[in-house]
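Coordinate analysis (summary)
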Amino acid sequence: MSALLDGLRAALGDAGLLVGGDLSAYEQDWRKRYAGRALAVARPASTDEVAAVLRLCHAHRVAVVPQGGNTGLVGGSTPDDSGRQLVLSLSRMKRVRGVDVANASLTAEAGCVLAEVQAAAAGAGLLFPLSLAAEGSCTLGGNLASNAGGTQVLRYGNARDLCLGLEVVTASGDIWHGLSGLRKDNTGYDLRDLFIGSEGTLGVITAATMKLYPQPRERLTALAACASMDDAVALLGLARERAGDALTGFEVMSAAALALVARELPQLAQPLGAAPWTVLLELSDAESAEHARGVFEGLLEAAFERGAVQDAAIAQNLQQARGLWHLRESIPLAQAQAGLNIKHDIALPVSAIPGFVTEMDAALTAYLPGIEVINFGHLGDGNLHYNVQAPAGVAASAFLAAHEAPINAMVYDAVQRRGGSISAEHGIGRLKREELGQRKDPTALALMRAIKRALDPLDLLNPGRVL
Ligand code: FAD
């Protein structure tokens, strides 16, 4: 290994290689579920340096774990405990290479923090709509590698939908220069879509060209209390009918999820009283503030008349709107503070969600009285974070050891029966690798393995993740 480390030091300089010392920030995942040990951390500052790292690792047959902001939730961005895997951190590749206003696109390096990409777009008078609670620390490269979703998918799509071109370094250290800003390009297989969502197992993304949109004139945010999930789904239908494309956010939070926030983060204001379901709606209007408010008020009035909504509060200013979003986005933090839970990031047809929730809540209570389901997510996208927490007084570690496998089986069987997915937006990583092997269509799995063998025949890129 010392020849590899000498080569890396020569290629990256002292600032580009961390060996020994406290590397825990790179070795421990955000949820504190996976603690590993890295051979070293390489921090290249350019695409050429990334290529040099991969050439050296290829020559020395050393596995590489690409890492962005390390906010991933499925154990994909940290090394195993062998001490033989190199963490390749993109954190020094932070340059916004350019904004093309006429083409409504932006090119940035993989290590740019998402909030910085949003700010660069705003600086040019445009909107980069990808938005999620970890946006202050997750990176563009990580967003693309995990095909992140977030809170604006309803209107703008996920990271894949927003990407026009990529620059990627292959397992053997070649550079694919695919930073096209084209919206149309039918010249053979779509390599871009292959790397997006591949979780660092097929290549290392070093830069990307992303779509930008006009900034909305007005953004309005409201909370609405619903008595049932059926009512929340009815409200979604009404909001689509009334607001069309202007509906940019439709998030749902269960009573248990908001009670958890009240317990763990009591400083956060909760404007509505407790309700079985609280919906956060956002409208982004291209016309004017008056038009937006008119649509919003009309929509909520109609929802009250139909009995779909029991109570509602519209944010009166930007600060209040931020407070509502902060409440929603604090649920993962409250959960992290409360200890490990059994996480399910599932996608279902929206029409199937009420039936799923009723069936699963009853089945889990029957399975283990006192069990707590923290259910929240992007209802407008058919995406729930259906997380199961230990009953009061039961240690999280003991709960996971005894119950994770049977509870996963119950939840994922119910998801599959309804044509859903076991991973809507977080990916597979290590957390769901076994599950994927058992549940994905066998032909799809065989094709995925063939692609992996073709692009990374020595299995050096994030081995043991996804497949
Ligand atoms: P990392 O965690 O560093 O890596 C994620 C995966 O991508 C790993 O497999 C890693 O090996 C690979 N990778 C990273 N960079 C590269 C690269 N340059 N090239 C190739 N592979 C790479 N996700 C959502 O989709 N929607 C949400 O709403 C959402 N909310 C979140 C809220 C919180 C509080 C937290 C902590 C996480 C949330 N996530 C969400 C998950 C996470 O933020 C996203 O998956 C994010 O896209 C990961 O970016 P990252 O830079 O932190 O990647």
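Taking an unreviewed UniProt entry as the reference, the chain is identified by name as FAD-binding oxidoreductase belonging to Roseateles hydrophilus.

Our focus in this paragraph is the overall build of the chain. The helix and strand inventory of the chain stands at 17 helices and 18 strands. Relative to the 2.2 N^0.38 estimate, which gives 23 Å for 467 residues, the radius of gyration of the chain is 23 Å and therefore close to what a compact globule would have. Taken over the C-alpha atoms alone, the chain extends approximately 70 × 55 × 45 Å along its principal axes. Here the chain, with 467 residues, has 48% of them falling under the buried criterion. Partitioning the contacts of the chain with sequence separation of at least 6, the portion at a separation of at least 24 is 74%.

Taken together, the four strands give an open sheet; going across it, the order is β1-β2-β4-β3, and neighbouring strands pair in mixed fashion. Since the sheet does not close on itself, it has two edges, and those belong to β1 (17-18) and β3 (64-67), each with one partner. In this structure, β3 lies alongside strand β4 (residues 85-89), joined through four bridges in parallel fashion. Bridge pairing in β4 links V64 to L86. The strands that helix α1 (residues 2-12) touches are β1 and β2 (38-42); relative to β2, the one it contacts most, it runs at about 15°.

Time to look at the packing of helix α9 (residues 229-243) against helix α14 (residues 353-367). The N-to-C vectors of α9 and α14 enclose an angle of 165°; their axes lie 9 Å apart at closest approach. One finds that α9 runs roughly antiparallel with respect to α14. For the element pair α9 and α14, the recorded crossing hand is right-handed. Across the interface between the two elements, M229, D230 and V233 of α9 pack against I353, P354 and V357 of α14. Considered class by class, the residues forming the contact of α9 with α14 number five nonpolar, no polar and one charged.

Before going further, it helps to examine the domain arrangement of the chain. Interface size is commonly expressed as the accessible area that is lost once the parts come together. Domain boundaries assigned for the chain yield domain 1 (2-89), domain 2 (96-214), domain 3 (218-332) and domain 4 (339-439). A C-alpha centroid distance of 22 Å is found between domain 1 and domain 2. With 14 residues of domain 1 in contact, the opposing surface of domain 2 contributes 22 residues. At the level of secondary structure, the elements contributing two or more residues to the side of domain 1 that touches domain 2 comprise α3 (47-60) and β3. Looking at the side of domain 1 that touches domain 2, the element that brings in the most residues is α3, giving six residues. Tallied by class, the residues present in the side of domain 1 that touches domain 2 amount to six nonpolar, seven polar and one charged.

This part is about the pairing of strand β17 (residues 372-378). Taking burial as the measure, the seven residues of β17 include seven buried ones, the bulk of the element. Bridging between strand β13 (residues 247-254) and β17 involves two bridges; their strand directions are antiparallel. Following the sheet pairing, V252 is matched in β17 by G377. Bridge count between β17 and strand β18 (residues 383-389): seven bridges; the pairing is antiparallel. Along β18, the bridge assignment pairs V373 with V388.

Next up on the list: the pairing of strand β12 (residues 218-226). Of all nine residues in β12, seven are buried, a share of seventy percent or more. In the sheet, β12 pairs with strand β14 (residues 277-285) via nine bridges, with the strands oriented antiparallel. Each bridged residue has a counterpart across the sheet, and for L220 the counterpart in β14 is L283.

Another aspect to go through is the sheet that holds strand β15 (residues 311-314). Neighbouring strands of a sheet are bound in pairs by backbone hydrogen bonds; such pairs are parallel or else antiparallel. An order of β15-β12-β14-β13-β17-β18-β16 is seen for the seven strands of this open sheet, with the pairing classed as antiparallel. What marks the edges here is a single partner per strand, and that holds for β15 and β16 (345-347). Between one strand and the next, the sheet's axes are offset by a mean angle of 20°, whatever the strand orientation. Sheet analysis places β12 next to β15, joined by four bridges and oriented antiparallel. Considered in β15, the bridge of A222 is made with I314. Those strands touched by helix α10 (residues 255-264) are β13, β14 and β17, and its axis lies near 100° from that of β17.

What follows is about the site of the ligand. The ligand sits among 37 residues. The nearest are G68, G72, G76, G141 and G142. Mapped onto the shell around the ligand, the elements with two or more residues apiece are β3, α5 (140-145) and β10 (204-211). If you tally residues by element for the shell around the ligand, the top one is α5, at four residues. In terms of residue class, the shell around the ligand is built from 15 nonpolar, 19 polar and three charged.

All right, on to helix α11 (residues 289-305) then. Between the first and last C-alpha of α11 there are 24 Å, a value that for 17 residues agrees with the 24 Å anticipated at 1.5 Å per step. Buried within α11 we find A292, V295, F296, L299, L300 and A303. With its buried residues spanning 125° around the axis, α11 presents them on a single face. Exposed residues pointing more than 90 degrees away from the buried face of α11 are listed as E290, G298, E301 and E305. In this structure, the buried residues of α11 make contact with β12, α9, β14 and β15.

Bringing the environment of A262 into the picture now. Among the structural elements, A262 can be located in helix α10. When the C-alpha positions of A262 and G123 are compared, they lie 36 Å apart, and in sequence the two are 139 residues distant.

Next up on the list: the packing of α10 against helix α13 (residues 331-338). Each pair of packed helices gets described by two things: the angle between the helix axes and the distance between those axes. The geometry of α10 relative to α13 is characterised by a closest axis approach of 9 Å and an angle of 65° between their N-to-C directions. For the pair α10 and α13, the sense of crossing is left-handed. In this structure, α10 uses A257, L260, V261 and E264 to contact α13, whose residues at the interface are I331, A334, Q335, Q337 and A338. For the contact of α10 with α13, the class distribution of residues is six nonpolar, two polar and one charged.

Reading the values: rules and limits
Residues numbered from 1 in each chain as written. Predicted model: local features only at pLDDT ≥ 70, side-chain atom pairs only at ≥ 80, totals over all residues. Helix = DSSP H or I, 4+ residues; strand = E, 2+ residues; numbered from the N terminus. Rg over C-alpha atoms; globule rule 2.2 N^0.38 Å. Buried ≥ 20, exposed ≤ 12 C-beta atoms within 10 Å, placed from the backbone. Contact = placed C-beta atoms within 7 Å. Pairing = 2+ DSSP bridges. Axes fitted to C-alpha atoms, helices over the stretch in contact; angles between N-to-C directions. Parallel < 35°, antiparallel > 145°, perpendicular 65-115°, else oblique. Left-handed = near helix turned anticlockwise from the far one by under 90°. Nonpolar A, V, L, I, M, F, W, Y, C, P; charged D, E, K, R; others polar. Domains from an automatic or database assignment. Near = placed C-beta within 6 Å. Expected span 1.5 Å × (residues − 1). Arc of directions from axis to C-beta.

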